Structures are given as structure tokens and as C-alpha cells.
There are 2 protein chains.
Amino acid sequence: MTNDPNKPQHKVGGRAAGCVQRVTVHRPSLENNTADAERLIESLKPQLSSRCVSIDFSVLRQLPELLRDSGHLVRCAMLKTDACWQVAGIKGGADPSPMAGLAVDLGTTRVVLQLIDLESGQVLSETAFDNPQLKIAPDILARIHYCEQPRGLRHLQSLIVDGLNDAVARLCAAQELNPTDIFLTAVAGNTAMAHLFMGLDPRWIIREPYIPAVNRPDPVKPAELGLSTNPAGRVIVFPNIGSYFGGDLIAGILCSGLDSRETPAILVDVGTNAEVVVGNRDWLMACAGAAGPALESGVASIGMMAGPGAIDRVTIHLPDRRFELHTIGDQPPRGICGSGVIDLAAQLFLAGMLDIRGKLIPENCGQCLYKDENGIDHLVLVPAEASANGTALTISQPDIDSLIRSKAAMYTILETITASVGMRLEELDKFYIAGTFGSFINPASAIALGMLPDLPLERYEAIGNSSLGGARQVLQSPDGLEKIERIRSRITYLELNVNQEFMNRFSAAKFLPHTDTTRFPSIRLHGDRVRL
Amino acid sequence: MTNDPNKPQHKVGGRAAGCVQRVTVHRPSLENNTADAERLIESLKPQLSSRCVSIDFSVLRQLPELLRDSGHLVRCAMLKTDACWQVAGIKGGADPSPMAGLAVDLGTTRVVLQLIDLESGQVLSETAFDNPQLKIAPDILARIHYCEQPRGLRHLQSLIVDGLNDAVARLCAAQELNPTDIFLTAVAGNTAMAHLFMGLDPRWIIREPYIPAVNRPDPVKPAELGLSTNPAGRVIVFPNIGSYFGGDLIAGILCSGLDSRETPAILVDVGTNAEVVVGNRDWLMACAGAAGPALESGVASIGMMAGPGAIDRVTIHLPDRRFELHTIGDQPPRGICGSGVIDLAAQLFLAGMLDIRGKLIPENCGQCLYKDENGIDHLVLVPAEASANGTALTISQPDIDSLIRSKAAMYTILETITASVGMRLEELDKFYIAGTFGSFINPASAIALGMLPDLPLERYEAIGNSSLGGARQVLQSPDGLEKIERIRSRITYLELNVNQEFMNRFSAAKFLPHTDTTRFPSIRLHGDRVRL
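(A) Up close: the relation of the copies chain B and chain A. With an axial shift of 0.0 Å and an RMSD of 0.1 Å, the rotation relating chain B to chain A amounts to 180°. The superposition operator between the copies reduces to a two-fold rotation axis. No C-alpha of chain B approaches the rotation axis more nearly than that of Ala83(B), which lies at 2.5 Å. Of the interface residues in chain B, 100% have counterparts in chain A that sit at the interface too, so the contact is made through matching surfaces.

(B) Representation of the sheet that holds strand β13 (residues 310–317) of chain A within the structure. All names here are of chain A. With mixed pairing, 3 strands are arranged side by side in an open sheet as β14-β13-β15. Two strands in the sheet have a free side with no partner beyond their single neighbour: β14 (322–327) and β15 (335–336). Running at roughly 15° to β13, helix α9 (residues 338–350) makes contact with β13, β14 and β15 of the sheet.

(C) Molecular detail of the pairing of strand β8 (residues 182–189) of chain B. Residue and element names in this part refer to chain B. Most of β8 sits inside the fold, with 8 of its 8 residues counted as buried. Where strand β5 (residues 100–106) lies against β8, 7 bridges are found, and the strand directions are parallel. Note on β8: the bridge partner recorded for Leu 106 is Gly 189.

(D) How the structure looks around the pattern of salt bridges. In total, this model carries 51 salt bridges over all chains according to the counting rule given. We note a salt bridge from Lys221(A) to Asp56(A), for which the minimum N-O separation is 2.7 Å. In this pair, Lys221(A) sits in the loop between α5 (191–198) and α6 (222–225) while Asp56(A) sits in the loop between β2 (53–55) and α2 (57–69), placing the two residues 165 residues apart along the sequence. Taken as a pair, Lys221(A) and Asp56(A) share a single burial class, namely buried. The salt bridge partner of Arg75(B) is Glu119(B), with a shortest N-O separation of 3.7 Å. One end of the pair, Arg75(B), is in strand β3 (residues 73–80); the other, Glu119(B), is in the loop between β6 (110–117) and β7 (123–130), and 44 residues separate them in sequence. Of the residues examined, Arg75(B) reaches a relative accessible area of 2% and is grouped as buried. Here the salt bridges share partners, and the residues they tie into one network are Glu415(A), Glu501(A), Arg505(A), Asp516(A) and Arg519(A).

(E) Structural view of the state of the cysteines. One pass over the structure, following the stated rule, counts 2 disulfides over all chains. At a sulfur-sulfur separation of 1.6 Å, the disulfide partner of Cys52(A) is Cys84(A). What sets the handedness of the Cys52(A) and Cys84(A) disulfide is the S-S torsion sign, and at about -75° it is left-handed. Separated by 32 residues along the polypeptide, Cys52(A) in the loop between α1 (36–44) and β2 and Cys84(A) in the loop between β3 (73–80) and β4 (85–92) bring together distant segments of the chain. You can call Cys52(A) partly exposed: its relative accessible area is 23%. Its sulfur unpaired, Cys255(A) is 16 Å from the next cysteine sulfur, which belongs to Cys19(A). Of the residues examined, Cys255(A) reaches a relative accessible area of 5% and is grouped as buried. Free cysteine: Cys76(B), not disulfide-bonded; nearest cysteine sulfur from Cys19(B) at 13 Å.

(F) Representation of the pairing of strand β17 (residues 377–382) of chain A. Residues and elements named next belong to chain A. Most of β17 is tucked away: 5 of the 6 residues are buried. Both strand β16 (residues 369–371) and β17 contribute to a ladder of 3 bridges, which runs antiparallel. When the sheet's bridge partners are listed, Leu 369 is paired in β17 with Leu 379. If you look at the hairpin formed by β16 and β17, you'll find 5 residues sitting between the two strands, and Gly 375 has a positive phi there, around 80°. Pairing geometry for β17 and strand β18 (residues 393–396), over 4 bridges, is antiparallel. Each residue of the ladder has a partner; that of Leu 379, found in β18, is Ile 395.

(G) Inspection of the sheet that holds strand β18 (residues 393–396) of chain B at higher detail. Residue and element names in this part refer to chain B. Taking strand neighbours across the sheet as the criterion, the 3 strands line up as β16-β17-β18 in an open arrangement whose pairing is antiparallel. Edge strands, defined here as strands with exactly one partner in the open sheet, are β16 (369–371) and β18. Between one strand and the next, the sheet's axes are offset by a mean angle of 35°, whatever the strand orientation. Contacting β17 (377–382) and β18, helix α11 (residues 397–420) runs over the sheet at an angle of about 60° to β18.

(H) Summary view of the environment of Phe437(A). Looking at the secondary structure, you find Phe437(A) in helix α12 (residues 435–440). Sequence spacing of Phe437(A) and Val268(A) is 169 residues, and the spatial spacing of their C-alpha atoms is 10.0 Å.

(I) Focus on the environment of Ala94(B). All names here are of chain B. For Ala 94, the position within the fold is in the loop between β4 (85–92) and β5. According to the relative accessible area criterion, Ala 94 is exposed, its value standing at 73%. It is 8.9 Å that separates the C-alpha atoms of Ala 94 and Arg 75, two residues lying 19 residues apart in sequence.

(J) Spotlight on the interface of chain B and chain A. If you look at the interface, chain B gives 44 residues, while chain A gives 44 residues. For the pair chain B and chain A, the two sides together bury roughly 3600 Å², of which 60% comes from carbon and sulfur. Our count for the contact surface shared by chain B and chain A stands at 2 salt bridges. Residue Lys221(B) is joined to Glu224(A) by a salt bridge in which the shortest nitrogen-to-oxygen separation is 2.9 Å. When residues of the side of chain B that touches chain A are traced back to their parent elements, those giving at least two are α1 (36–44), β2 (53–55), α2 (57–69), α4 (152–174) and α6 (222–225) of chain B. Split by residue class, the side of chain B that touches chain A holds 23 nonpolar, 9 polar and 12 charged.

(K) Layout of the packing of aromatic side chains. A complete count under the given rule lists 8 aromatic pairs over all chains for this structure. Seen in terms of ring centroids, Tyr411(A) and Phe520(A) are 5.8 Å apart; in terms of plane orientation they differ by 45°. Their pairing is tilted. You can see Tyr411(A) sitting in helix α11 (residues 397–420) and its partner Phe520(A) sitting in the segment after α16 (500–509), a full 109 residues away along the chain. Both residues of the pair, Tyr411(A) and Phe520(A), belong to the buried class. Where Tyr244(B) meets Tyr493(B), the ring centres are 4.4 Å apart and the plane angle is 40°; that geometry is what we call tilted. Highlighted residues: Tyr244(B) in the loop between β9 (234–237) and α7 (247–256) and Tyr493(B) in strand β21 (residues 491–493), separated in sequence by 249 residues. Taken together, the ring pairs in this structure connect Tyr244(A), Phe245(A) and Tyr493(A) into an aromatic cluster.

(L) Just unusual backbone geometry, in detail. Residue Pro319(A) follows Leu318(A) across a cis peptide bond; omega there is 0°. With respect to the helices and strands, Pro319(A) occurs in the loop between β13 and β14. In the Ramachandran plot, Glu176(B) falls in the positive-phi region, its phi being about 55° despite a non-glycine side chain. Position of Glu176(B) relative to the elements: it lies in the loop between α4 and β8. Judged by relative accessible area, Glu176(B) falls into the exposed class, the value being 74%. Non-glycine residue Tyr210(B) carries a positive phi angle of around 65°. By the secondary structure assignment, Tyr210(B) is in the loop between α5 (191–198) and α6.

(M) Quick look at the side chain of His514(B). All names here are of chain B. Examined against the element boundaries, His 514 turns out to sit in the segment after α16 (500–509). On the basis of relative accessible area, His 514 is assigned to the buried category, the value being 4%. Among the polar contacts made by the side chain of His 514, one reaches the main-chain amide nitrogen of Asp 516 at a distance of 2.9 Å.

(N) The arrangement of the confidence of the model for chain A in detail. All names here are of chain A. Residues with a pLDDT of 70 or more make up 93% of chain A, whose mean pLDDT is 90. Here residues 1–16 scores under 50 on pLDDT; set against residues more than four positions off or in separate chains, the count is 42 contacts. Per-residue pLDDT stays below 50 along residues 525–532; that stretch engages in 10 contacts with residues further than four places along the chain or on separate chains. As scored by the predictor, the complex reaches a pTM of 0.90 and an ipTM of 0.90.

(O) Inspection of the packing of α7(B) against helix α14 (residues 466–476) of chain B at higher detail. Residues and elements named next belong to chain B. Closest axis-to-axis distance for the α7/α14 pair is 7 Å, and the angle between their directions is 70°. Taken as axis vectors, α7 and α14 run roughly perpendicular relative to one another. Contacts between α7 and α14 involve Asp 248, Ala 251, Gly 252, Leu 254 and Cys 255 from the former and Ser 466, Ser 467, Gly 469, Gly 470, Ala 471, Gln 473 and Val 474 from the latter. Of the residues in the contact of α7 with α14, the class split is 5 nonpolar, 6 polar and 1 charged.

About the cut-offs
Every chain begins its residue count from 1, and numbering advances along the sequence as written. Chain labels run from A onward and ligand labels from 1 onward, assigned in the order the entries are written. Under the rules for a predicted model, residues below a pLDDT of 70 receive no local features and side-chain atom pairs below 80 are neither given nor counted, while totals for whole chains, interfaces and linings still include all residues. Hydrogens and water molecules were not included; the side-chain quantities draw on all heavy atoms of the structure. Least squares is used to superpose the copies, and the fit set is the C-alpha atoms of residues whose pLDDT is at least 70 in both copies. Throughout, a contact is declared for two residues whenever any of their heavy atoms are within 4.5 Å. Should DSSP find at least two bridges between two strands, the strands are taken to pair. A run of H or I in DSSP counts as a helix once it spans at least four residues, and a run of E counts as a strand once it spans at least two, with each numbered from the N terminus. Fitted lines through C-alpha atoms give the axes, limited to the stretch in contact for helices. The angle between two N-to-C directions lies from 0 to 180 degrees. Exposure categories follow from relative accessible area, calculated using a 1.4 Å probe and restricted to protein chains: below 20% of the type maximum is buried, above 50% is exposed, and the middle band is partly exposed. Salt bridge, as applied in this entry: a Lys or Arg side-chain nitrogen positioned within 4 Å of an Asp or Glu carboxyl oxygen. The disulfide criterion is simple: two cysteine sulfur atoms within 2.5 Å. Once two parts are brought into contact, the accessible area they lose, counted with a 1.4 Å probe and summed over both, makes up the buried area. Note on residue classes: Ala, Val, Leu, Ile, Met, Phe, Trp, Tyr, Cys and Pro are nonpolar, Asp, Glu, Lys and Arg are charged, and everything else, Gly too, is polar. Only centres within 6.5 Å qualify two rings of Phe, Tyr or Trp (six-membered ring in Trp) as a pair; their planes then separate them into stacked at under 30 degrees, edge-to-face at over 60, and tilted for everything else. Polar contact criterion, stated in full: a pair of N or O atoms within 3.5 Å, where within protein one must be able to donate a hydrogen and the other to accept it, and residues adjacent in sequence count only if both atoms are side-chain atoms. Along the chain, pLDDT gives the predictor's confidence residue by residue, from 0 to 100. Working rule for angles: under 35 degrees goes down as roughly parallel, over 145 as roughly antiparallel, 65 to 115 as roughly perpendicular, anything else as oblique.

See the structure below:
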């Protein structure tokens, strides 16, 4: 599984056609003396399936001079909304400077931006920065409470907008562009972040009955938000379907191409929650559940986000059960990231060092295992002398128990949402995994643990930062806005009721890989190293 | 003929229904947890023939707090565009302050404003000011040339916008309102004035092939123009059909109701040019011709605009041919305005003091007539001792010749445009006369001269400032914008070719009332004072 953030990977259903129309405007004459704006519209219409076309006022102001200076050959940045095509920027046809777009993954902790050539759809450059709102509060709930202070919302909004303007200045300088070369911006973030970015009061999002100010924001002019991009342009903020399912997930669906597939597939995004969507071009069923922390970085005292020195791959060589650890950047080990933990647990299980309840088997762990003062089992992964900071890296039985609960929750969520549409997990033709987690995880290990279903490995696909990818895709095809609204309107949100049936499924999934081993036939194929 | 600027007179085809929708927004619940904006839209849709509804971003920002503070009962200022209903302002349902609109007649020399209650359609107050661009140049052509100077256009735009903001401040202060209580503004002006107001380069309007920047401007946000009205609101600038037929005339058509009549009627607006439109709800034919100056104030050395001391009505009592003069404001006479000149000429003709060629008949003029040093006949209307400034007020034969040419041009234009649609003037059911000229003219006199056709007097109607009236009407019904676009799109512009046929008609119309006296049967009815 690989992913290249510089290449749009999922173009199913949407050519990367760009949002720029080149057009030769009819020259005026005594016979055709309609105004400049109307001749531009008439000249564009044959390229636009003749819907209504509206010209931004800033474009209108430039039009008479630009048409005459450019010999009536111009490029227009176009946005197709529900109601109308909008001309949201114009340049001369021979002007060599690109018309750029800006894709933004507006994360609670990290913000990632890509500069796009709107004409070719190519990524020009990428940058990222920590969300400056972190200095007010790391978690979104505290930020929403901060908005109840006088000017609190304005402060949070200006922090993120200033951060974006700084990043835009850097991105543009590196490409010898000006921020006013950016005509369209697409921003994908969770519902609360989108509100903070737009300066919309988020306080009702966190209070029953959990009401956002808006589900489907209209494209906004940059000046309304304080952005330094071209004033004729538009900012597309991804829609949400409520406080619990934000624009970042809708962007993820677009990025995966789930919404344009004929056969059903599934998309999993693991963050604080596991967000799951099953569907195809006709229907989409979504849910979210707490399964994430242990999977992303929360497991164990030695857990860390994927980064230099994180153990991300583990192999246990039989017959001597020798550990082979891989770290990111091949640095001395500092901790273990989510994919490393999953690899580790799977290898322990396959090597016969964990039983089907997920308990360490002392006789198979040998001298790596020790009991602490409380009688709790610890397994030494890296002895003190080999670690980056001189402390042994160990994983405890409670760490493993926590992982088992997370993997069981994940499998139960997958099983429940699939069952809710009358399907079995094996019927899913494709399994997209978004986010950092998806980029590093080894699906074979997750299958061995019974966290992910036992599908052929080629059905798994990591799609990287799908929030950013979706934002980029909106800028890569003229009907991007229609696509995200089509996605939004077709999502059915499944409220996960933790009822007896859910608990039964959860209990069964707490075994390795599952009480029903017939669901995981391939594990025996990997079992040349193991005797269960 | 009377007209009251405070009363919408022509409501044919458009109830004065207002542009404000009162709506009770569905309260949120766990069962209906769509966002505030979407619940507002859903609650509005049944009142709006369920088209797309878009909410201005400034409204969106206020929405969460306003909905909860107002118990979910709100008033929305609505604008119906081609593509969408726009919510361009919001207030609480119980808030006693009005949602106001601003109608503007954007004249080259004079600007007239009315403040409207958008809910009831009632006029709240009116004011006027001289166009501050006059200090740059009195005529529009010189102003357009001024735009070629650096920052010339910006300067002209800021002059008119500052003037409007000052007038708005005065209007609002008098009503104890704030400029931000104004949500919709409608501006009717000629094509060049509309460009200068919007800051659009007008230079191509005056150069062959005479191209405006725009024919149909989309509604603009006030901030784009520098207006002090509510930032959520919109400014509607009337469309034009070219450099020669501006939004003021389209407003005039709307004001007259011509466009919603079943039977054909005619509208005449006399300014620098005579602008004429014939039509009904199915078709509209327009033309313009030079007939105006002599009719408005340009005739004679003693000509003046209608104002205090202007002779506006003249009666000649037979048998002694005694003059009875009426002046505006019953002031001592200072000059004669257009309607006075027409009255005078008609009375002279009916009293046998002018022949059918429009020449003064010395034997019937008596001692009022004298020849100057060049042998030119002059008729004394007011002796020096009775005039306001101690100089005799006289009218010369060349003054009368000039009037005759103007009246002939006017009649020829009316005849030509009517003939172009295969009609005779007598078939026109209604004859609307716009502007100051229309408010003062006595149609009977104009008929006696053969300037206007010999229709029953009740068919003539003065509609006053029809540019202002049309701007007001746009704010008095929710489909105002659609109506003006329907008008614009149905206008056929007739290029008046001064060909042989036109010249033949013109020659015939240079007689009093016409070479073909059968066209003016009623003149003999007034003829109890006259022997032709």
C-alpha cells in the first residue's frame, strides 16, 4: 500500500478537468453591441451546458480593459453552484501566470495546504502548520467554550485565518505567485473547525440537540473571512450533516471515490473516533464509534504518533522468536505507533506468544517477559541500551488488553454497519483506509488480529490524507461542488446503539481473531509460523 | 393630470406585497437536528414556490443567536434573482424597527431618493440632491472622458457614493433609522451614470460600437460600492439595453405599467432626447430622438426649467386677445418653461395669431408685436414693469420656429414608432408622459399644436418621476427583479433612420397641427375661440 499526496489517486467519476475555461469572446460590433459581460457569458455558454452564468463584481470591473488588452482571449476560473455558474476570476489568455486553487485540510491540530494549478489540476506545492488555535486549547470542546468569552470567536477565527494567510504567502512565494493568483479555495474540516474558520457561532453544536449554524454553506468571498486570496474568488467550505459528521469526512468519501462506485465498498478513517462509511454510487451509510485512541497512538506508555524513531513494523522470526523492529526514518527506537502496535500484537499472536484471549503466554515469551511490582506482565521490546533515550521500551498486558478492546470495537462497528445494509463484510469489493493510520498499517496484521475483515489484501487501499485529497478533488473538476452535495444528501447516518446485539458482537470480537474462526480462513495460510 | 410621488400609482401586474417574509422557523430537536440555516430555508420554502434559497453570509453569522433570541420568529428581506431566492437581511419578528428599502433615481444632474418600508411597500420619506459629479462636468460625455485620467473613475464614483451616503444618513436620521436598516436598494439611471456609480469603466460606451461593461448587472453587495446600507443587503442596479437605452427608461416602463397592459399604450419621456416606448405585455418597441431641448426649457431666451416664477400656463382671451399668464408659485414672471411655451403657441394658434406654418400674423398680434433691429418679429408676453427682473419677457419668431421643429420631430417619432408596429396613433389606449415635462404640460395644448396625437384627453396620464417610481416598484414586490428583466428582454430598439419617409412625415408635421387636419378632429371643437 502506497500513497503519493501529489497525485490524485481516485478519479472515478470525475475527470481532473480543471476549473478554468479558456474562451474567445465574440468581438463587439455595431451588429453585436451587447455589453462585455453578456458577450463573455454568451461565449462561455456553449462550454457550460448553457446554465445561468453570473460574473463576480470584481471580475466585471476588470472586464472592459482585460478583454481589449488580451485580444478577447481570456481564462475564467469557474465554479458551478446549484443555481449558477460563477465566474470567480479572470486572466488574459496569454498571461503566463497560473490560476491557482488552494486545498485545505483544516485539522483541529494540524492544517495541511496544497496549491493547485486550476487549469491542469496539478499540485504545485504543499505545506502544513500546527493549528494556531492550539494555544487557546488543544481540544475542540474547550475552543467552543472559549467562544462564549467576548470576542472569543473572532479571536479563534483570526488565529486560523492569519495562519492560513501566512502559509499561503509561503506557498505562493516558493512558486513565485501572488496570493491573488488563488481564485478558488476548498476547505475540509470537522463541523466545529469549519464554524470557527467561518466565524459562525459554534456553541449550539455541543448542546442538545446539537445544531450547527449551517449544514451547506454557500461559497463565500475571501474578504468575508479575511483571506488574502483573490477578492473575485470563492471559498468552498465542505458541508456537514451535523455536529458528528463533518466536511472532512465528506471530503474523504469524495477522495475515496466510494460515491461513484458501482459495487459497494467501505471507507474507514481512524482518528479520535473511527468513522466508517459503506456504500456505492446509489447509497451511503455512515457511522462513528470510539475505537480510535488505542489504534492511533493511545496504547501503552510507549505509544507515539507515527514519526521519526517510532516502531512502525514488527516481525517475529521463528523458531527463536527473535524480534525484528523497523523504525520510521531508521532512527533508534523512541516508542511505537499505531501500526507498530498492531503489527506487534499480530506477530505475538501468530508466534504463539498471545493466546486467543490476548493474554501473553509466559512459556512462549521467554526471558523478554517480566512481572512488575504489581504482578503485571511486561514484554521488553527494546532493551534500555538499544533505545533512543536509554529506557527500555516495554508493552504491558493492560496495553494489549486495551488494544484488544479497540480492535474488537472496530470490528464490531464494521460488522454492524455492514449488517445494517444487509451485507456481509466479505461482499465489500474495496476497503479504503484513510489517514496516517491507513498509510502505515499492515492490513495482514490487522486481519490476523481480527480487527479488519479477512478480505484479499489487494482489496485494501490506503488513501492518505483523504480530507486534503477531497478538498483537492473539488478544485480539480468543475462539478466538484455538485459532487460533494450529492454525497452529503445521500448519506444516511447510523446511530450506533450499544444494545445487546452490539455487545454480543463485541464480546465475540474480543477474541483473536474472533470466536468464529471461519470468518478468518486466511489466518491459517499465514500459520506456517504458528500453531494455534 | 396629477401625480403624487408618495403613492405608487401603477400597480398593474404587481401587488405592492413587499419584500419581507415573516417566518416561524421550525425549532430544532433531536428528531430535526438540521442546522439553523437549513431550517430557516425549509421554513421559508412554502412561502416561496420552493425554489433554491441562499442566505447571505452576514445573515448566517447572526442566525444562531437571532433565532434563539427571537423565539424563532424572524423577518427576512428577500430578493428573487434568476437563480435563487436570496435572504439579504434578517431581523427578529418582534423587533419594532422597519426593514427599509431605498429607491434611487440616479440622474445626471439631480438624484432623488425615497426610503421605503419593505414590508408594507409604503414610502417613508424622500429627499434629493444635485449630482456631486456636476462639479467635475455638467455633461455625461465630459465625465466619461474624465475617467481616462488616473483615478478619474474612482473619483467620480466616490463623489456619487458619498453623496448617496450623506442623503441616506439624512433620510434615516429623520425617520430615527440607521443606514443598516436599509436592506435593499434599487438604482435607476442612464447607462453611463449606472457605470459611474458601479465604478465600471464607461469609456467604451461612447466609442463605436458603443459597448457597456454590462447590460444586466447582478445585484451587488453594498460594500462593493462603498454604500453604508446593511452589509447583508443588495443593491439592484437597473439593466440597460445599450448605451442609448438605460435603466432609467426601463424603470419608466415598469412605473407606467406598459409591460403588463393587455392593450397597447405609449410612454414618452422628454429630456435631452424624447424617449418613446410603445407596447403591451407581449411586446415593447422603443426609440429615442432629438426632440427634447425646445420642449423642456431650451426654447427662447426666456426659457427656463419649471420652477418659481416660470410661466407654465397661458390663456388668450378672445375677442381682445388678452393674455392671462400663470406662474409657478404665483411669483412675478421670470421666464417661461416648456409647458408654458406649448400653451402659449397653442393659444396663439387657436387665437389666430399664428398661421398654420407657425408664423406670427401681425394684423392679429396688434401692439404686442415689434420688429428688432434685424427685422425679426418679437411678441411681448410680459412688459418690463411686470416682470420679476424688470426686463420685458418676449418670444421671437425663431423661438417659435424652433418649437415647431421640436413638435414636428416629436410627432414624427410618435408616428414612426407606431407605424413600425403596424398601428395608428389613435389605437393607443393610453398615453403616459413621464418627467417634469409630463407633470406640467397641458395635453390639450400639445394636441392643438399637433405635437401629441388627438386622443381623448383621459387617455393622457402624467406619471411624474418614472425612474424613481420604477426603482420604488422593484422594492415593492418580491418579483421586481424578474419584472425588469422581462421588460429588458422584450424591448426591441428601433433605430430611427432619418430617411425620405421620415423627412416626409416631418415636413407634414411642421404645420399646425398637421397638413392632414383630419387627424386632429377635436381642434375644431376647441375652435369656438378661433377661425382657422
